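For reference, the chains in residue letters:
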Amino acid sequence: MRAVRFHDRNDVRVDDVPPPGQLKPRDVLVRPIFCGICGSDLHEYLHGPISSTREPHVFTGASMPQILGHEFSAVVEDIGADVRNVAVGDRVSIQPQMAPADEYYGKRGLYQLSPKVGVVGLSWWWGGMADLAIVNDYNAFVVPAGVTDIQAAMVEPAAVAVHAVDRAGIRPGWSVLISGFGPIGALCALAAKAAGATTLIISETNPSRLKAAGSLLPDAILVNPAKDNLNKIVRANSEEGIGVHAAIECAGVPACLNACVDAVRRQGIVVQVGLQTKPVEINALTWVFKDIIVRGSICYPSDSWPRVMAMIASGQFPVEKLVTSIIALEDAMALGFKRLLDPAGGELKVLLNVSADA
Ligand SMILES: [Zn+2]
């Protein structure tokens, strides 16, 4: 079968690999439909291995070459003897994280917090950019009728955004700054709106992404901090000029974290969801005097799937609008990775149509 595999830094190939064999009692065999290319896939390609490992993974035992793909919709092909939550033929969306079920975080379904977390498509034997994949039963969530296969492939990044909005505590009528309009920033903006935010300020330096923000969220206030005075615009658009209720930092740029701290009102909340890959110089005295909360936000709790899919089905969370291209699995590198890595590029989310010519 076909599989997009991460061999090493700057080395991702479409390979012919043996299909999965015998299922264990709680295994689910799925046939991926659509699979998104994620920022973490790009990070593995450029700077990896990061989540993928040359040595066997501490929990799953998987090692490189790694089949990529952790954002995908699929159809259930077969199930192990003890699987009860899905049936053959079900459409599913994959929650890709897993962790030891007999340890503190794993017991509570908080796989994202486990030091041994494994991820389908990053540190597991199988991934969504292939004709077939095995996942654990708890990784597969049945997709309701009101959610399309394309939307079902967007649930994973959408869950990241919903968790960040939860961490920001966004309530109806709030003003919110979204810093960075990549896929996660875009989904955070949509999720904040769904949560009731009434004033959205979007800060982004890439003009084509700022343009995308304008068409996706026509009511949002768009700011290019390379040209405009972000802080002044924030003041002008908040009650008595005190700043926004909350800011969600999605760019992973040091100056952006400090801009978020400046943008929130006293006792405001700043959520860092973008990955700051280096230590950031901050002014903790400002944090104290403003009496603010600065929080991290990692992935999502594993039970997010039904909730995110309900938001999508309601029409209040139009995640499919982020999809800028749908390409064939064979074109993953040329039309996917390469275009997404173009700093001036207009791509937001690229999906592989895995089932198209399978
Ligand atoms: Zn991802």
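This one's a predicted model, so the numbers in the text were calculated from it and none came from an experiment.

### Description of the overall build of the protein chain
Inference 1: Regarding its fold elements, the protein chain presents 11 helices and 18 strands.
Inference 2: Scaling as 2.2 N^0.38, a compact globule of 358 residues should have a C-alpha radius of gyration of about 21 Å, and the protein chain matches this with 20 Å.
Inference 3: For the protein chain, the C-alpha atoms occupy an extent of roughly 65 × 40 × 40 Å along the three principal directions.
Inference 4: Counting over 358 residues, the protein chain shows a buried share of 53%.
Inference 5: The contacts of the protein chain with a sequence gap of at least 6 include a subset with a gap of at least 24, amounting to 71%.
Inference 6: Accessible surface, the protein chain: about 15,300 Å² in total, of which carbon and sulfur atoms supply 54%.

### Quick notes on the coordination of the zinc ion
In an ideal octahedron of six donors the angles at the metal are 90 or 180 degrees, and in an ideal tetrahedron of four donors they are 109.5 degrees.
Inference 1: Protein ligation of the zinc ion involves Cys38 (SG), His70 (NE2) and Glu71 (OE), the donor distances falling in the range 2.1 to 2.7 Å.
Inference 2: Spacing between the donor residues of the zinc ion along their common chain follows C-x31-H-E. Of this pair, Cys38 sits in the loop between strand S3 (27-36) and helix H1 (39-47) while His70 sits in the loop between strand S4 (66-67) and strand S5 (72-79), placing them 32 residues apart in sequence. One exposure class covers both Cys38 and His70, and it is buried.

### What about a nonpolar patch on the surface?
Inference 1: A surface patch of nonpolar side chains, about 380 Å² in accessible area, is lined by Tyr104, Tyr105, Leu113 and Ile298.
Inference 2: Locating Leu113 in the fold gives a position in the loop between helix H2 (104-107) and strand S8 (118-119).

### Quick notes on the pattern of salt bridges
Inference 1: This model, assessed by the stated rule, comprises 12 salt bridges.
Inference 2: For Asp149, the salt bridge goes to Arg91, with nearest N and O atoms at 2.7 Å. Highlighted residues: Asp149 in helix H3 (residues 149-153) and Arg91 in strand S6 (residues 91-94), separated in sequence by 58 residues.
Inference 3: Judged by its relative accessible area of 24%, Arg91 falls in the partly exposed class.
Inference 4: It is possible to trace a salt-bridge network through shared partners that takes in Arg2, Asp131 and Glu330.

### Details of the layout of surface pockets
Inference 1: The computed volume of the second largest pocket comes to approximately 150 Å³.
Inference 2: In terms of lining residues, the second largest pocket is bounded by Lys24, Pro25, Arg26, Asp27, Thr60, Trp124, Trp125, Trp126, Ile134 and Asn136.

### Considerations on the packing of aromatic side chains
Inference 1: As enumerated under the stated definition, the model contains five aromatic pairs in all.
Inference 2: Look at Tyr300 and Trp305: their rings are 5.0 Å apart centre to centre, the planes differ by 70 degrees, and that puts the pair in the edge-to-face class. There is no split in this pair, since Tyr300 and Trp305 are both buried.
Inference 3: One aromatic cluster is present, built from ring pairs that chain together Phe141, Tyr300 and Trp305.
Inference 4: Positioned over the ring face of Tyr104 is Arg108, at 3.9 Å from the centre of the ring.

About the thresholds
Residues numbered from 1 in each chain as written. Predicted model: local features only at pLDDT ≥ 70, side-chain atom pairs only at ≥ 80, totals over all residues. Heavy atoms only, no water. Helix = DSSP H or I, 4+ residues; strand = E, 2+ residues; numbered from the N terminus. Rg over C-alpha atoms; globule rule 2.2 N^0.38 Å. Buried < 20%, exposed > 50% of the residue type's maximum accessible area, 1.4 Å probe, protein only. Contact = heavy atoms within 4.5 Å. Areas by Shrake-Rupley, 256 points an atom, 1.4 Å probe, with all protein chains shown as cover. Donors = N, O, S within 2.8 Å, 3.2 Å for Na, K, Ca; no water. Patch = residues over 30% accessible without salt bridge, like charges linked within 9 Å, V, L, I, M, F, W, Y side chains within 5 Å. Salt bridge = Lys/Arg side-chain N within 4 Å of Asp/Glu carboxyl O. 1 Å grid on protein atoms, 1.4 Å probe; cavity = no way out; pocket = protein on both sides within 12 Å on 5 of 7 lines; lining within 4 Å. Points joined across faces, edges and corners; volume = space filled by probe spheres on them. Phe/Tyr/Trp six-rings, centres within 6.5 Å; stacked < 30°, edge-to-face > 60°. Lys NZ or Arg CZ within 6 Å of the ring centre and 35° of its normal.

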